[in-house]
Structure formats: C-alpha cells, structure tokens
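Structural characterization, general
Read off the chains here:
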Amino acid sequence: MPDSLVEQLLVKILYFRGEIYGGDLSAAIGLRFSVIHELVEALKFRHHVQIKRSIGMGGVGALLALTEAGRERAREYLEVNQYAGPAPVPLEQYNDMVRRQKPREGWVSKEGLAKAFRGMVLTERVLAQVGPAVSASNSLLLYGKPGDGKTFLVESLNNLETAPVFVPYALECQGNIVQVFDPIYHAPIEEERSTSISVAVERSGFDGRWIKCRRPFIVTGGELSLDMLDMRYNRTSKVYEAPFQLKANNGTYLIDDFGRQRATPAEVLNRWIVPMERRIDYLSFLTGGKMSVPFETFVVFSTNLNPNDLGDEAFLRRIQYKILLRGPAENEFVRIFESFCASRGLACSREMIGRFIERHYRRSAKVFRRCHPRDVLTHALDLMHFEKLSLTLNDQILDRAFENCFVQEQEDAPVSETVLAPAAVQSCADYWEDRLTLITTVFGGLVFAASHRDRVSGKYQDGQSTQNYGEPETQRVLARLHARAFNEWLSLAPAQQSRDLTLFVASKTASWPKLSAGPRALANELAPSGARQADVDRFAACLSAAMGLPDTAAAAPEVMERIA
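This text gives an overview of the structure that appears in the document. (Residues numbered from 1 in each chain as written. Predicted model: local features only at pLDDT ≥ 70, side-chain atom pairs only at ≥ 80, totals over all residues. Heavy atoms only, no water.)

Digging into unusual backbone geometry
Trans is the prevailing form of peptide bonds, just as negative phi is the prevailing case for residues other than glycine. Phi is positive for Gln174, close to 55 degrees, though the residue is something other than glycine. Residue placement: Gln174 occurs in the loop between strand 7 (170-173) and strand 8 (176-179). Judged by its relative accessible area of 49%, Gln174 is partly exposed. Located in the positive-phi region is Asn250, a residue other than glycine, with phi close to 65 degrees. On the accessibility criterion, Asn250 (5% relative accessible area) is buried. (Helix = DSSP H or I, 4+ residues; strand = E, 2+ residues; numbered from the N terminus. Buried < 20%, exposed > 50% of the residue type's maximum accessible area, 1.4 Å probe, protein only.)

Shown next as structure tokens:
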C-alpha cells in the first residue's frame with residue numbers, strides 16, 4: 001500500500017478517537033507499530049501529531065493526539081473518504097487469498113453431510129444428489145413444490161464442519177475503498193488475542209487487516225434487485241460496499257424463492273453468466289474503472305416454479321446441478337411427524353398417525369408435504385394452550401388443527417347442526433359502568449349512585465341488578481362506584497366543581513327526593529358509607545362555595561331545588 005494511504009488512515013483514526021496510545025493506534029489500523037513507526041514520526045515532525053504523555057516503551061506507550069494543524073489535515077482527508085478502519089487489503093492479495101481458501105476437492109463426506117442434516121428426515125437418494133453439488137461448491141438449482149423443505153435443507157449446510165476463512169475488512173483498488181466485512185453476514189470466530197500495547201510489540205496470530213470468520217452464508221429473497229449485485233457507492237462516506245456475491249466468497253449464497261425477486265430470473269442469470277462459468281466477476285467504479293475478483297461462492301437457487309419458466313436452456317446450462325426435491329413418501333411423513341412430536345414432548349402413537357393419514361390424505365388423495373406435520377402439530381399445541389387442555393394429542397384435536405391449516409375446498413357446502421358458543425355475560429361492574437357513561441357530570445354520577453341507597457337501611461337497591469347478579473354483588477359494585485364518584489368530585493378544583501355543578505343543574509337529568517336543608521344536609525346525604533367526617537365536612541364546604549361563586553350564584557336557588 002502507498003504510504004499516503006496509511007498516513008491518511010492514521011490521521012483519520014486519531015481525528016475520530018481524540019487521544020490514543022501508539023499500541024492502540026497500531027491495533028486500530030491492523031498493522032504492527034514497526035510498520036507505522038516512521039509515518040507517526042513524520043507526522044510529529046510536521047507538527048500534525050503531538051505526544052500528550054508517555055508510559056515508556058517508546059512510541060508504543062506514547063499517548064498521541066492531533067494538533068490543530070493535524071485536525072485541519074484530517075478534515076481534508078475526510079473530503080476524500082470517511083473510511084477510518086483497519087488498513088484495506090490490496091486487490092491482488094485478496095484475490096490470491098480467496099483462491100487459497102477455496103474448499104479442496106472432496107472436502108465434504110457423506111457422514112459429514114448427514115451430520116449437518118441432523119434433525120431432517122431425508123432419503124439416501126437426496127443425500128447422494130446433494131453431496132456432489134456441495135462438494136463441487138459451484139452452483140445448484142433446487143426446485144420443487146412449496147413446503148417440501150428446500151430452504152431448510154440449504155440452510156442446514158451452514159452446520160457443515162469447515163475450516164474458517166479470513167475476510168478482509170476492506171479492499172483497496174485504484175484508490176477506492178471497498179468495504180467487505182459485514183457483521184450481519186460474517187460471523188467472527190473469537191480468539192484470545194493480545195490487546196493494547198502488547199499487540200504492537202509483537203502481534204501473534206494473523207494479519208490484523210483480516211478477520212477470522214466462519215464460512216459466510218448469505219440468504220436473499222424477494223427483496224433482491226439487480227443493483228444489489230454490483231458495488232454500491234455511499235455518497236456521504238465516499239466508500240463502496242461490496243455486493244452480496246463478493247461478501248459470500250468462500251461460502252454459500254442462497255437466492256431463495258428464485259423467480260419472485262424484483263429482478264427477473266433472466267436479469268440475474270445474464271448478470272452471472274460469465275462469473276458462474278469462468279469463476280471471475282467484474283465490478284465497476286463510478287469513475288469508469290473496473291476490478292476483477294474471484295467468484296468462489298457456492299450459489300444456490302431455490303424455487304417452487306417450473307425451471308423451464310425461469311430461462312432457456314442456455315441459462316440453465318450455466319447452473320451445474322439441478323435437483324428436484326420431491327414430496328415425502330408416507331414412511332418419511334410418519335418419521336417427520338414422530339420427530340416433531342418428540343421435539344415438543346407430545347406422545348403420539350403410530351396408530352393415531354395412521355388414522356390421521358387415512359382421514360385426511362388417503363381418502364382425498366392429498367399429497368404429503370414435509371411442512372405439514374410441523375404446521376398441524378403447531379396448530380394443535382395452540383389449540384390446547386387456548387382451551388387449557390392437557391398436552392395430549394387425540395383424533396379430535398388433530399382434526400381441528402388440520403382444518404385450521406388448510407383452505408377448505410367446499411366453501412359453500414351446507415353446514416350441519418353446530419354447537420353454539422354461550423353468549424357473553426355482562427358483568428355487574430360493566431352493567432353499572434355502561435349506565436354511568438350516560439351521565440355527563442361527576443356530580444350527576446354521585447347523585448345517581450346515592451339515589452340507589454336506602455336511607456333507612458343504608459343498603460343499595462336495584463331490582464334488575466339484584467335479579468341478574470344477586471344482592472351481594474350489586475351492593476359491592478354500587479358501594480365502590482358511590483365512593484369513587486364522591487372522591488372524584490372532591491378532587492376537582494373549585495372552578496371545576498362550580499362548572500360541573502352548573503352543568504348538572506342544566507342537564508335536567510337529576511332526580512332526588514325533596515330536601516329542606518342546605519349544603520350540610522346534602523353532604524351527609526351524598527357521602528358514601530364509611531366516608532371520613534373530615535371528607536364530609538370538606539364536601540359540604542366545597543358544595544357551599546360552588547353554589548356561591550359568581551357564575552352559579554344566580555342559579556343557587558335552582559341548584560338547591562333541583563338537588564333537593
């Protein structure tokens with residue numbers, strides 16, 4: 001790499017970090033301190049970098065920071081691009097490393113493949129078909145009906161035990177920076193590595209410009225568009241982002257639901273005709289320059305469409321392997337059913353599964369799908385949880401679950417006599433809450449609640465409520481509503497109490513026995529049982545004040561008359 005590029009990175013890292021020890025600067029740029037020592041000294045000589053303090057060990061232990069001139073130079077460098085990570089890898093080194101990390105011939109065995117597919121029920125024929133395609137790591141078209149496990153099968157390839165690969169943080173080509181490492185798609189392998197100052201003295205392990213990862217496994221579906229297969233330029237950071245196939249080098253790239261992307265199958269295959277055949281991809285920069293990179297990714301196309309509808313023979317010829325994943329036979333279906341039951345702790349006999357197959361598959365000639373056991377049993381579990389049933393399968397639950405899983409073919413067929421669900425019963429509290437919603441004032445609600453209390457016995461009475469909910473429940477609910485309305489009116493501000501009282505009088509909805517006494521007697525009449533005397537006295541004072549305020553003084557006699 002040119003010294004100018006490394007110097008720019010050093011200055012930008014210092015700009016974003018503020019203060020940093022020389023050893024940490026070495027770790028941040030991914031180079032030994034001995035490599036950057038002369039450049040750091042040159043920056044200090046030009047008064048772009050200063051030493052704030054030192055803990056010994058030479059430049060490694062020096063706390064570095066930019067001077068004002070250095071910060072000005074950093075802003076100039078950021079106009080070129082804003083990349084401030086580990087030093088990028090020159091394209092030639094990257095191309096060489098990708099080819100060296102390519103899986104060797106015969107790298108996967110039948111036993112290793114079967115281990116990766118543990119949890120799946122597959123036939124020997126499927127293993128024999130998939131094995132050579134995975135071993136070749138070239139390209140594969142996996143097609144078949146929906147629900148037969150195509151995606152699950154390919155995703156299980158990520159369980160293969162393989163050697164790790166090294167992925168560069170970024171590439172450098174023609175003065176451009178291309179970010180390759182993506183934490184979403186690349187899974188780093190954590191290793192105990194030296195940090196801080198010691199890493200700069202003697203770095204063990206591997207080149208810090210690379211990160212050790214599991215072999216990448218990238219999946220795209222219907223969101224894939226043609227521009228995602230070319231480098232994307234970020235006009236803010238002025239850095240390119242690698243396309244998916246570049247990020248997937250030395251790994252697997254699954255295009256799921258092929259044929260349903262934003263880009264047509266012809267556009268995708270046209271884009272990749274040369275890369276899939278020659279194992280080289282050509283990517284373009286905005287400046288017009290191009291770079292060639294290895295196309296060493298295992299590309300898998302998964303579709304439930306007819307392959308002949310995806311492209312002509314010339315297109316399909318470029319895809320090396322084409323495998324039809326058929327639906328399961330009955331013995332496979334039974335094994336899948338049993339496996340899912342075991343994974344959920346459900347007991348299920350072979351006889352029950354046989355009866356289920358007879359009722360829903362043999363009689364109607366319904367085709368088996370590998371997803372059916374999972375879907376039906378998941379619905380059965382949901383049903384048992386909802387109805388608080390014991391987690392025990394039976395024929396009735398399986399039938400109901402099956403009915404909920406699939407579209408019924410005879411929508412207009414006559415319906416036999418059904419069991420009606422009991423009508424929802426309104427609670428006593430809801431009954432009274434509904435009645436209170438018709439009263440628009442707080443004071444009106446208080447009068448309403450107090451009007452149901454017998455003055456002699458102190459008990460609340462309402463014939464309809466007592467008949468529907470019983471006397472104890474009616475007493476409990478009305479006592480609670482009465483106390484709530486009393487406390488709510490007391491909590492209002494004086495102006496709000498006056499306004500609420502005026503609205504109550506104007507509503508002409510009050511019905512209250514004639515009283516000859518004033519606010520004190522009204523307070524005693526309206527206060528709920530168990531109210532503190534201090535609250536009753538305060539209520540009487542508030543009521544008197546509300547009736548005497550200017551906006552209600554003229555209506556005071558009417559207030560007393562309406563309330564009384």
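Moving on, there is more to tell.
Quick notes on the sheet that holds strand 5 (residues 139-143)
Across the sheet, which stays open at both edges, the five strands sit in the order 10-13-16-5-17 with parallel pairing between neighbours. Whereas interior strands pair on both sides, the edge strands pair on one side only; in this sheet they are strand 10 (217-220) and strand 17 (321-324). For this sheet the average axis-to-axis angle between neighbouring strands, irrespective of direction, equals 15 degrees. Judged from the four bridges that link them, strand 5 and strand 17 form a sheet pairing that is parallel. (Pairing = 2+ DSSP bridges. Axes fitted to C-alpha atoms, helices over the stretch in contact; angles between N-to-C directions.)

Regarding helix 21 (residues 494-507)
Since one α-helical turn is 3.6 residues long, residues separated by three or four positions face the same way. The first and last C-alpha atoms of helix 21 sit 20 Å apart over 14 residues, in line with the 20 Å expected at 1.5 Å per residue. Every buried residue of helix 21 is listed here: Gln497, Ser498, Asp500, Leu501, Phe504 and Val505. Along the axis of helix 21, the buried positions cluster into a sector of 165 degrees, meaning they face one direction only. (Expected span 1.5 Å × (residues − 1). Arc of directions from axis to C-beta.)

Quick look at the packing of helix 2 (residues 22-29) against helix 3 (residues 33-45)
Between helix 2 and helix 3, the least distance of the axes is 10 Å, while the angle of their chain directions is 110 degrees. With respect to helix 3, the element helix 2 is oriented roughly perpendicular. Regarding helix 2 and helix 3, the two cross each other, and that crossing is right-handed. Residue-level contacts link Gly22, Leu25, Ser26 and Ile29 of helix 2 to Phe33, Ile36 and Val40 of helix 3. (Parallel < 35°, antiparallel > 145°, perpendicular 65-115°, else oblique. Left-handed = near helix turned anticlockwise from the far one by under 90°. Contact = heavy atoms within 4.5 Å.)

Quick look at the side chain of Arg279
Note that Arg279 resides in the loop between helix 11 (265-278) and strand 14 (280-284). With a relative accessible area of 14%, Arg279 lands in the buried category. A distance of 3.2 Å separates a polar atom in the side chain of Arg279 from a polar atom in the side chain of Asn138. Each residue touching Arg279, except ones within four places of it in the same chain, is listed here: Ser137, Asn138, Val274, Val293, Pro294, Phe295, Glu296 and Thr297. (Polar contact = N/O pair within 3.5 Å; in protein donor to acceptor, adjacent residues only side chain to side chain.)

Considering the pattern of salt bridges
The full count for this structure, using the stated rule, is 36 salt bridges. For the salt bridge of Glu433 with Arg484, the shortest nitrogen-to-oxygen distance reads 2.9 Å. Taken together, the residues span a long stretch of sequence, with Glu433 in helix 17 (residues 428-436) and Arg484 in helix 20 (residues 471-490) at a distance of 51 residues. Among the ionic contacts, a cluster of salt bridges with common partners joins Glu68, Arg71, Glu72 and Arg75. (Salt bridge = Lys/Arg side-chain N within 4 Å of Asp/Glu carboxyl O.)

Quick notes on the packing of helix 17 against helix 20
Where helix 17 meets helix 20, the closest approach of the two axes is 9 Å, and the angle between their N-to-C directions is 40 degrees. Judged by the inter-axis angle, helix 17 sits oblique to helix 20. Both helix 17 and helix 20 take part in a crossing whose hand is right-handed. In contact with Cys428, Ala429, Trp432, Glu433 and Leu436 of helix 17, helix 20 contributes Glu473, Thr474, Val477, Leu478, Arg480, Leu481 and Arg484.

Things to note about the packing of aromatic side chains
Considering all chains together, one arrives at 27 aromatic pairs under this definition. Where Phe356 meets Phe402, the ring centres are 5.8 Å apart and the plane angle is 80 degrees; that geometry is what we call edge-to-face. Of this pair, Phe356 sits in helix 14 (residues 350-362) while Phe402 is found in helix 16 (residues 395-405), placing the two residues 46 residues apart along the sequence. Residue Phe356 is classed as buried on the basis of its relative accessible area of 1%. Residue placement shows Arg232 over the ring face of Phe244; its charged tip is 6.0 Å from the ring centre. Geometry around Phe406 places Lys366 over its ring, the cationic atom sitting 4.3 Å from the centre. (Phe/Tyr/Trp six-rings, centres within 6.5 Å; stacked < 30°, edge-to-face > 60°. Lys NZ or Arg CZ within 6 Å of the ring centre and 35° of its normal.)

Some words on the sheet that holds strand 3 (residues 62-66)
Spatially, three strands are ordered 1-3-2 in an open sheet, and the strand pairing comes out antiparallel. Each end of this open sheet is capped by a strand with a single partner; those strands are strand 1 (19-21) and strand 2 (49-54). The mean inter-strand angle of the sheet, taken between neighbouring strand axes irrespective of direction, is 30 degrees. Of the pairings in the sheet, the one linking strand 2 to strand 3 comprises five bridges and is antiparallel in character. Bridge assignment links Arg53 to a residue of strand 3, and that residue is Leu63. In this fold helix 1 (residues 3-17) packs onto strand 1, strand 2 and strand 3, with an angle of close to 90 degrees to the strand it touches most, strand 3.

A look at the nonpolar core
Counting 29 residues, the largest nonpolar core has Val6, Leu10, Leu14, Leu25, Ile29, Ile36 and Leu64 as the members making the most contacts within it. Elements with a minimum of two residues in this core: helix 1, helix 2, helix 3, strand 3 and helix 4 (68-80). Broken down by element, this core gets its largest block of residues, seven residues, from helix 1. If near-sequence neighbours (up to four positions away) are discounted, Leu64 is found in contact with Leu14, Gly18, Glu19, Ile20, Gly22, Leu25, Val40, Val49, Gln50 and Ile51. Val334, Leu381, Leu393 and Leu398 belong to the second-largest nonpolar core, a separate cluster that totals 25 residues. (Core = buried A, V, L, I, M, F, W, Y, C linked by side-chain atoms within 4.5 Å.)

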